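Reading the structure
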Amino acid sequence: MIELPALPYAQGALAPHISERTMGFHYGKHHAGYVANLNRLLADAGAGDGEPTLETLIACMGPGAIFNNAAQIWNHTFYWQSMSPDGGGDPSGELAAAIDSSFGSVDALRVELTAAATGNFGSGWTWLVRRAAGGGGAGSGDPGGAGAGGAGGGELAVVNTDDADNPLTSGHTPLLTIDVWEHAYYLDYQNARPAYIATFLEHLVNWDFAAANYAG
Ligand code: MN
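Attention here is on the structure that accompanies the text. Residue positions within a chain follow its written sequence, with the count starting from 1. Local features in a predicted model are, by the rule used here, given only for residues with pLDDT of at least 70; side-chain atom pairs are given and counted only at 80 or more, and totals for whole chains, interfaces and linings are based on all residues. With hydrogens and water excluded, all non-hydrogen atoms of the structure serve as input to the side-chain values.

Turning our attention to the pairing of strand 1 (residues 124-130). When you tally the buried positions in strand 1, you get six out of seven residues, the bulk of the element. In terms of strand pairing, strand 1 meets strand 2 (residues 156-162) through seven bridges, oriented antiparallel. Looking at the pairing, Leu128 lines up with Val158 of strand 2. Only protein chains enter the accessibility calculation, which uses a 1.4 Å probe; a residue whose area is less than 20% of its type maximum is buried, one above 50% is exposed, and one in between is partly exposed. Helix and strand assignments come from DSSP, with helices taken as H or I runs of at least 4 residues and strands as E runs of at least 2, each series counted from the N terminus. Only when DSSP finds a minimum of two bridges between them are two strands counted as paired.

Laid out in structure tokens, this is it:
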């Protein structure tokens, strides 16, 4: 059985920026629904003891329902951790130095994240990643990665993914994510995705989580 991970804070802890009502649906219905779906799919497929981890399913399953539900579980758990009731502000330490090296400044990164998240058409995710070693491209033709220069591994980049897709399948290390599916913001912001993104970056973004992922 895949378990629904506990939220790292109370459901109302991100209010007023993200309401308890949004969290109730987003965590309690959407995230929980992906867990229920995946467990049913794995049971139907005959998975028993030693069932694969989410990371294994994401890496090994081709496109389809098992991949979609496994990736959505992983992505949402990562998204809750990408926010904090004490979020916002600026990164520090090695992460800040890496951001300066890759984007020029934290403000330039915020501009790039905003452009990518605003322009991510339809349902998807916008990520800050540490690029795969070996010079692979940042994502597969995603416009969000277009601004990331250089071909070497280890640099930071902003990438967009569609639907459930996840940068792990491109070999990148996710540092942060913004959920830009409408269910993430519609109850609080209606169609104003840019207002949600601005609030995420000003009040919610958890740079300590990104720094731990960068160091990890
Ligand atoms: Mn979501």
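A word on the sheet that holds strand 1. Taken in spatial order, the three strands of this open sheet run 2-1-3, and their pairing is antiparallel. Of all strands in the sheet, those with a lone pairing partner are strand 2 and strand 3 (173-179), marking the two edges. The average undirected angle you get between the axes of adjacent strands in this sheet is 25 degrees. Pairing of strand 1 with strand 3, which is carried by six bridges, proceeds in the antiparallel orientation. Note on definitions: angles span 0 to 180 degrees between N-to-C directions of axes, and those axes are lines fitted to C-alpha atoms, for helices only across the stretch in contact.

The peptide bond linking Ala15 to Pro16 adopts the cis configuration, its omega dihedral lying at 10 degrees. Inspection of the secondary structure puts Pro16 in the segment before helix 1 (20-44). For Asp163, which is not glycine, the phi dihedral falls at a positive 50 degrees. Along the polypeptide, Asp163 turns up in the loop between strand 2 and strand 3. On the basis of relative accessibility, which here comes to 44%, the residue Asp163 falls in the partly exposed class. Residue Gln190 is not a glycine yet carries a positive backbone phi of 50 degrees. Position of Gln190 relative to the elements: it lies in the loop between helix 6 (186-189) and helix 7 (193-204).

So, on to helix 7. Every buried residue belonging to helix 7 is among Arg193, Tyr196, Ile197, Thr199, Phe200, Leu201 and Leu204, and all of these are buried. We call two residues in contact whenever any of their non-hydrogen atoms come within 4.5 Å of each other. The secondary structure elements touched by the buried residues of helix 7 are helix 3 (65-81), helix 5 (106-119), strand 3 and helix 6.

The next thing to look at is the packing of helix 1 against helix 3. At a closest axis distance of 9 Å, the pairing of helix 1 and helix 3 adopts a crossing angle of 145 degrees. Seen along the crossing, helix 1 lies across helix 3 with a hand that is left-handed. Between helix 1 and helix 3, the residues in contact are Met23, His26, Tyr27, His31, Tyr34, Val35, Asn37, Leu38 and Leu41 and Ala65, Ile66, Asn69, Ala70, Gln72, Ile73, His76, Thr77, Tyr79 and Trp80, respectively. Only Asp, Glu, Lys and Arg are considered charged in this grouping, and only Ala, Val, Leu, Ile, Met, Phe, Trp, Tyr, Cys and Pro are considered nonpolar; every other residue, Gly among them, is considered polar. Here the residues of the contact of helix 1 with helix 3 are counted per class, giving twelve nonpolar, seven polar and no charged. For any pair of crossing helices, the crossing counts as left-handed if the nearer helix is rotated counterclockwise from the farther one by less than a right angle, and right-handed if it is rotated clockwise.

These figures capture arrangement, not role.
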